[in-house]
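One letter stands for each residue in the lines below.
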Amino acid sequence: MPIYLDADACPVKQEVYRVARRYVIKVYVVANAPLRVPSEDLIELVVVRGGFDVADDWIAERVGRGDIAITTDIPLADRCLRRGARVLGPKGLEFTEDAIGNALATRALLDMLRQAGDFGGGPAPFTKSDRSRFLAKLDETVHAIRRDLRKRDR
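These remarks concern the structure in this document.

Conventions adopted
- Residues numbered from 1 in each chain as written.
- Predicted model: local features only at pLDDT ≥ 70, side-chain atom pairs only at ≥ 80, totals over all residues.
- Heavy atoms only, no water.
- Helix = DSSP H or I, 4+ residues; strand = E, 2+ residues; numbered from the N terminus.
- Contact = heavy atoms within 4.5 Å.
- Areas by Shrake-Rupley, 256 points an atom, 1.4 Å probe, with all protein chains shown as cover.
- Phe/Tyr/Trp six-rings, centres within 6.5 Å; stacked < 30°, edge-to-face > 60°.
- Buried < 20%, exposed > 50% of the residue type's maximum accessible area, 1.4 Å probe, protein only.
- Polar contact = N/O pair within 3.5 Å; in protein donor to acceptor, adjacent residues only side chain to side chain.
- Salt bridge = Lys/Arg side-chain N within 4 Å of Asp/Glu carboxyl O.

### Section: the overall build of the protein
Phase 1 of the analysis: Helix and strand content of the protein: 5 helices and 6 strands.
Phase 2 of the analysis: Written out in order from the N terminus, the α and β elements of the protein read β-α-β-β-α-β-α-β-β-α-α.
Phase 3 of the analysis: Taking as baseline every contact in the protein between residues at least 6 positions apart, the subset at least 24 positions apart corresponds to 48%.
Phase 4 of the analysis: For the protein, the accessible area works out to roughly 8900 Å², and carbon and sulfur atoms hold 51% of it.

### Observations concerning the packing of aromatic side chains
Phase 1 of the analysis: Enumeration over the complete set of coordinates arrives at 3 aromatic pairs.
Phase 2 of the analysis: With centroids separated by 6.2 Å and ring planes inclined at 55 degrees, the aromatic side chains of Tyr-4 and Trp-58 adopt a geometry described as tilted. Of this pair, Tyr-4 sits in strand β1 (residues 3–6) while Trp-58 is found in helix α2 (residues 54–62), placing the two residues 54 residues apart along the sequence.
Phase 3 of the analysis: Exposure remark for Tyr-4: the relative accessible area of 6% places this residue in the buried category.
Phase 4 of the analysis: With a centroid separation of 5.8 Å and an interplanar angle of 55 degrees, the aromatic rings of Tyr-28 and Trp-58 are classed as tilted. Of this pair, Tyr-28 sits in strand β2 (residues 27–31) while Trp-58 sits in helix α2, and the two are 30 residues apart along the sequence.

### Re unusual backbone geometry
Phase 1 of the analysis: Positive phi values are uncommon outside glycine, yet Ala-9 reaches one of about 60 degrees.
Phase 2 of the analysis: Inspection of the secondary structure puts Ala-9 in the loop between β1 and α1 (13–23).
Phase 3 of the analysis: For Ala-9, a relative accessible area of 80% corresponds to the exposed category.

### Details of the side chain of Asp-130
Phase 1 of the analysis: Along the chain, Asp-130 falls in helix α5 (residues 128–153).
Phase 2 of the analysis: Judged by relative accessible area, which is 6%, Asp-130 ranks as buried.
Phase 3 of the analysis: In terms of polar contacts, Asp-130 uses its side chain to reach the backbone amide nitrogen of Thr-127, at 2.9 Å.
Phase 4 of the analysis: For Asp-130, the residues in contact, after removing those within four places along its chain, are Pro-90, Lys-91 and Pro-125.

### Side note on α1
Phase 1 of the analysis: Every buried residue of α1 is accounted for by Lys-13, Glu-15, Val-16, Tyr-17, Val-19, Ala-20 and Tyr-23.
Phase 2 of the analysis: After α1 finishes, the residue Val-24 shows a positive phi value of roughly 55 degrees.

### Overview of the pattern of salt bridges
Where side chains of opposite charge bring their charged atoms close, a pairing between them can arise.
Phase 1 of the analysis: The final tally for this structure, using the stated rule, is 12 salt bridges.
Phase 2 of the analysis: A salt bridge links Arg-21 to Glu-40; the nearest nitrogen and oxygen atoms lie 2.8 Å apart. Placement of the pair is Arg-21 in helix α1 and Glu-40 in the loop between β2 and β3 (43–47), with a sequence separation of 19 residues.
Phase 3 of the analysis: Take Arg-21: its relative accessible area is 37%, and that puts it in the partly exposed class.
Phase 4 of the analysis: With a relative accessible area of 29%, Glu-40 lands in the partly exposed category.
Phase 5 of the analysis: A salt bridge links Arg-86 to Glu-94, with the nearest nitrogen and oxygen atoms 2.7 Å apart.
Phase 6 of the analysis: Given the relative accessible area of 22%, Arg-86 is considered partly exposed.

Written out as structure tokens, the structure reads:
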């Protein structure tokens, strides 16, 4: 059950590392440029070069059932869900197959409004409660996957 972290501009890297240490889970920190990551066997930095979606492609090609992906990128979340992974945003929102279509449509609409100049700004600032909600959801997700794996192994 590795965790794939879409790390460029991700505000919860330290929280992911903490949970990974607690449960002894491998983390792939995927980025377009070198980042400082702890020097530990459980945490591996993967630097991909070559274009806008190369990090997304790297994650989507490897993630699978029982894995966890952390991203704010809605199209990447969709690709990971299609491969059977559980996907969390850094504010603790779990992307689900039931809701991803609406998220993709909303993203497309907001892109059109931004391009037309009718909408500005970005996401709301990241807060302590977002960080806490993320930690709780990541912990819950790890437990749920482990429960599912135990059921499957019986």
